[in-house]
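Results of the structural survey
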Amino acid sequence: MVDSSSSTVQLILTAQNRSKYLHKDELIIRAGRVNKRRGLFSKKRYLILTDRPRLFYCEDGAKSSSVPKGEIFWTPKMVPELKGKKQFWIHTPHKTSYFEDPEGKAEEWVNAINTLLVNTFGVT
């Protein structure tokens, strides 16, 4: 399920280095740089999807402490929505998060999240 391109592998390895934020035996399914939009502004973030399943994001950048800035809580009512080649939204009962993948791999994010939703909760 993990993309084997060299840039993706490097991002996964970088995320594994941030393992102090992972639970014991938790594996990263997908990780990458995204822009998280809030209102008219966006911030560069590092989005991590794990097999637990968990979806959280950290600051992105060499000088960042990689402290998790937020987590999108896993629920059977979570709905990832593809909005274009680069944009995807994640709806939960209390909040919608807006993301842009600068590499144009939004569909891969949506597919990975949907796969974990089905594996976790079954077909809803």
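See above for the structure.
Notes on the structure follow. (Residues numbered from 1 in each chain as written. Predicted model: local features only at pLDDT ≥ 70, side-chain atom pairs only at ≥ 80, totals over all residues. Heavy atoms only, no water.)

1. Considerations on the overall build of the protein chain
To keep things clear, this is the line we draw: Going along the chain from the N terminus, every DSSP run of H or I of four or more residues is numbered as a helix, and every run of E of two or more is numbered as a strand. Contacts were defined at the residue level, with two residues in contact if any of their heavy atoms lie within 4.5 Å. Reported accessibility uses the Shrake-Rupley method at a 1.4 Å probe radius. Residues are deemed covered only where the shown protein chains occlude them.
The helix and strand tally for the protein chain stands at two helices and seven strands. Secondary structure elements in the protein chain, listed N-terminal to C-terminal, are α-β-β-β-β-β-β-β-α. Put simply, of all contacts in the protein chain between residues at least 6 apart along the chain, 43% involve residues at least 24 apart. Summed over its atoms, the accessible surface of the protein chain is roughly 7,500 Å², and 51% of this surface lies on carbon and sulfur atoms.

2. Concerning unusual backbone geometry
At the junction of Arg 52 and Pro 53, the peptide bond is cis and its omega measures out at -5° in the coordinates. Within the fold, Pro 53 resides in the loop between β2 (41-50) and β3 (54-59).

3. As for the sheet that holds β2
As a reminder, the rule being used: Pairing between two strands requires that DSSP report at least two bridges joining them. Whenever a helix is involved, its axis is fitted only over the stretch in contact; in every case the axis is a line through C-alpha atoms, and angles between N-to-C directions fall within 0 to 180 degrees.
Within the open sheet, the seven strands sit side by side as β4-β3-β2-β1-β7-β6-β5. Their pairing is antiparallel. Either end of the sheet is taken by a strand with one partner, and the two such strands are β4 (68-72) and β5 (79-82). Taken pair by pair, the neighbouring strands of this sheet meet at an average axis angle of 35°, ignoring direction. Sheet analysis places β2 next to β3, joined by six bridges and oriented antiparallel. If you follow Leu 49 over to β3, its bridge partner there is Leu 55.

4. A look at the side chain of Glu 26
The cut-off we apply is this: Three exposure classes are used, based on accessible area relative to the maximum for each residue type with a 1.4 Å probe and protein chains only: buried under 20%, partly exposed in between, and exposed over 50%. We call two N or O atoms a polar contact when they sit within 3.5 Å, provided that within protein one can donate a hydrogen and the other can accept it, with sequence-adjacent residues counted only if both atoms are side-chain atoms.
By the element assignment, Glu 26 lies in the loop between α1 (6-17) and β1 (28-38). Glu 26 sits in the buried class, given a relative accessible area of 6%. At a separation of 2.6 Å, a polar atom in the side chain of Glu 26 contacts the main-chain amide nitrogen of His 23. A distance of 2.9 Å separates polar atoms of two side chains, one belonging to Glu 26 and the other to Arg 54.

5. Comments concerning the pairing of strand β7 (residues 96-100)
Burial of β7 is one-sided: the residues Ser 97 and Phe 99 facing one way are buried, the residues Thr 96, Tyr 98 and Glu 100 facing the other way are not. Direction of pairing for β1 relative to β7: antiparallel, over a ladder of three bridges. Residue pairing for β7: Arg 37 is matched across the bridge by Tyr 98. Relative to β7, strand β6 (residues 87-91) is paired through five bridges, and the arrangement is antiparallel.

6. Some words on the nonpolar core
Stated formally: Working definition of a nonpolar core: buried Ala, Val, Leu, Ile, Met, Phe, Trp, Tyr and Cys residues. They are joined through side-chain atoms within 4.5 Å.
With 19 residues, the main nonpolar core has Leu 49 and Leu 55 as its most contacted residues. Those residues within four positions of Leu 49 in sequence are excluded, and the remaining contacts are Leu 27, Ile 28, Ile 29, Arg 30, Arg 54, Leu 55, Trp 74, Trp 109, Ala 112, Ile 113 and Leu 116. With eight residues, the next largest nonpolar core counts Tyr 21, Tyr 46, Phe 56 and Cys 58 among its residues.

7. Some details on the side chain of Asn 35
Following the sequence through the fold, Asn 35 ends up in strand β1. The exposure class of Asn 35 is buried, given its relative accessible area of 18%.

8. A word on the pattern of salt bridges
This is how the line gets drawn: Salt bridge criterion: a side-chain nitrogen from Lys or Arg within 4 Å of a carboxyl oxygen from Asp or Glu.
For the structure on display, the rule yields six salt bridges. As a salt-bridge pair, Arg 54 and Glu 26 come within 2.9 Å of each other at their nearest N and O atoms. With Arg 54 in strand β3 and Glu 26 in the loop between α1 and β1, this pair connects stretches of sequence that are 28 residues apart. Between Glu 103 and Lys 105 there is a salt bridge, and its shortest N-O distance comes to 3.7 Å. For Glu 103, a relative accessible area of 45% gives the class partly exposed. What makes Lys 105 buried here is its relative accessible area of 17%. Sharing partners across several salt bridges, the network here consists of Glu 26, Arg 54 and Glu 71.

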